[in-house]
Amino acid sequence: MDKSWKAMSPDERLAQRLDGYVAMPGFEFASPEAEAAYRERATIIRDAFEMRVPKRVPVFPSEGFFPVFHAGLTMRDALYEYEQVAAATLAYLDEYQPDAWFGSLALVPGRCFDILDYKLYDWPGHGLSDELMYQMNEGEYVVAEEYAELAADPSGFFLGKYLPRVFGALEPLAKMPLLPSIQEMPMTPTALLAFGLPDVQAALHKLMEAGTEALRWMGVMGGLAAQVRALGFADWAGGAAKAPFDAIGDTLRGTKGMMLDMYRHADELIETCERFVPLMVEMGVSAVNMTGVPLVFIPLHKGADGFMSNAQFEKFYWPTLKAVMLGLVEEGCIPVPFAEGGYGQRLEIIADFPKGKCIWWFDQTDMGRAKEVLGDVCCIAGNVPTALMTAGTPDEVRAYCKDLIEVAGVDGGFILTNGCGIDHARAENVRAMMEAGREYGLY
Amino acid sequence: MSKELVNAIADMREDEALALARAMVEGGADPTGILEDAREAMDIVGQRYEEGEYYLPELMMAGEMLNGITDMVKPVLTQAPGVERRGKVLIGTVAGDIHDIGKNIVTFMLDVNGFEVLDLGVDVAPEKFVESIREFQPEVVGLSGFLTLAFDAMVDTVAAIEAAGLRDGIKIVVGGGQVTDKIREYAGADAYGDDAMGAVNLASEWIGG
């Protein structure tokens, strides 16, 4: 019998998760060739992560909605036609043969948001035309005066305050009782009253309806994910988490609110970020436990170059992001922070992390400098620009990839991919990127 | 002139800055002088931003303080201060994209640096840019975009301006999100701006003053 999870060290947990990721015990592949291809792909990703020299540089686009658009589908189709999305994905993988599929995270079921009357985003049919990417309506969904309440009980706050604000159909949840008031028998009935109210019941029914749709969607997407793997493609994300600063800044306080809070509510902001650390760790770990893929994607937003000074980054942003990353490491997961925008200013700061425990994925950062500063710390991934993939020529893409491998691929510890999702890339550029990766990425 | 007020704003001491301004208004100080102090403070903020000492929190705090002080001064202002504008800039987020934070910061920095800015908002159709260029007659047009779908919208917008015969008289700058110099080339714009001061510097270079 294996050692119990609790008794294992973080390194033992990581080894067990990684062994599972590479071996996929009990998983049925489409063919022996597909199984061999999967093993090779998962192994080179593992080798790159562990800062060894892999057989070759892993190469795959950060495909975004490219497979959907490449198949001639619209953004509306991407949200509503699950089977068509699955077919488009398989066609894309078959055509380009990337080492990994980043996949399903950006794909969401539109009907769930229709049912719940989601206010936080616009999407095709809801404020946007069929071709357009869904987009967030930034705002102060939580006001600064609510920090203390949010920090005291994030789950209660989400249930009774935040959800009613961002989902029209869930407005009645503002009547939710304080759940910890369900104590002894005599104290319980009053807490049940709200659940008897017709509008609250209607809201709960909407949640059930959305849940049913989410399950239907997962039936298709889960099947797709299994099929993708069965065909021999590795997974690049087994879960997601966020930097606490972004978790609060992106969808609760908004960029402006958050930036002003750094002056007006500094202590509460930091305290609330700290409160979110265990929640973000749990968010990543629970997804990894479900998918069996140890990589946790952490999209970073408001700590990018130009947003704040390094002193502010070290005070407000990095401590709790680092804590989330360390919390994931503790559970044997691999944090994959994705530094959207530039991170050149921050490299020396983020280098303060245990060796070989994460993958920093860059977008517009100078990869030569990234390699110089982080080369002894962790694997780095990136960063063929989306602009180049969309507006450049295949020759330019090839030359960029060649340079990138020469600079960032030295001694392994490098994964060739894009910055942001390549949604509208030219197909010949995607091909050029894959070819360049194969040609120049051999060690 | 109050050096104290200028420094309080420039050093991000919001409560103190607002209290000082209030005391000045209540004490009967010349309202245009108060606005002049605020403007001087904004110059310092802009310099510090350009030098890498200040970032977005400071720009946004400065904007808040400027708004607060303007609101206080307005009721006692007998005549609008004769601000000499350096030139006109038309700005907007291109069609299909509804992001505005970056654009708003650029608009704010252009405004406090003396440019007359007309902000068309988000999801601005090429025809709307064309129509507004005819009416507003800007020297500079700024196209903002956060998403990759903005690349083609920028191409379409520049093409529409060209087709309307308005391209020769103006300079076009692009910026935001995933936009790079490659997209400047792709869209046929004149320049790519990396941040808010980049936009101010480009406008200054083109318009002069």
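Residues numbered from 1 in each chain as written. Chains lettered and ligands numbered in written order. Predicted model: local features only at pLDDT ≥ 70, side-chain atom pairs only at ≥ 80, totals over all residues.

Participant: Hey, could you run me through the sheet that holds strand β1 (residues 88–93) of chain B in this one?
Facilitator: As a general point, the strands of a sheet are linked pairwise by backbone hydrogen bonds and lie either parallel or antiparallel. All names here are of chain B. The strand order across the open sheet built from five strands is β2-β1-β3-β4-β5, with neighbouring strands paired in parallel fashion. Single-partner strands in this sheet number two, and they are β2 (116–119) and β5 (191–192). Two strands pair when backbone bridges link them, and β1 and β2 are joined in this way by four bridges, in the parallel orientation. Its bridge partner being in β2, Leu90 is matched across the sheet by Leu118. Across the sheet, helix α5 (residues 101–112) lies against β1, β2 and β3 (140–144), angled at about 170 degrees from β1, the strand it touches most. Along the sheet, helix α6 (residues 126–136) contacts β1, β2 and β3; its crossing angle with β1, the most-contacted strand, is approximately 165 degrees. (Pairing = 2+ DSSP bridges. Helix = DSSP H or I, 4+ residues; strand = E, 2+ residues; numbered from the N terminus. Contact = placed C-beta atoms within 7 Å. Axes fitted to C-alpha atoms, helices over the stretch in contact; angles between N-to-C directions.)

Participant: Hey, could you run me through the interface of chain A and chain B in this one?
Facilitator: Facing the 26 residues of chain A at the interface are 24 residues of chain B. Listed by contribution, the elements that provide at least two residues to the side of chain A that touches chain B are α11 (244–264) and α16 (386–391) of chain A. Here the side of chain A that touches chain B gets six residues from one element, more than from any other, and that element is α11(A). In the side of chain A that touches chain B, the residues fall into 13 nonpolar, nine polar and four charged. (Nonpolar A, V, L, I, M, F, W, Y, C, P; charged D, E, K, R; others polar.)

Participant: Mind showing me how you'd approach the domain arrangement of chain B here?
Facilitator: By a widely used convention, the size of an interface equals the accessible area lost when the partners come together. Residues and elements named next belong to chain B. The domain boundaries assigned to chain B delineate domain 1 (3–76) and domain 2 (88–207). Using C-alpha coordinates to define each centre, domain 1 is positioned 28 Å away from domain 2. Listed by partner, the interface residues are seven residues for domain 1 and seven residues for domain 2. Looking at the side of domain 1 that touches domain 2, the elements with two or more residues in it are α3 (31–50) and α4 (56–73). (Domains from an automatic or database assignment.)

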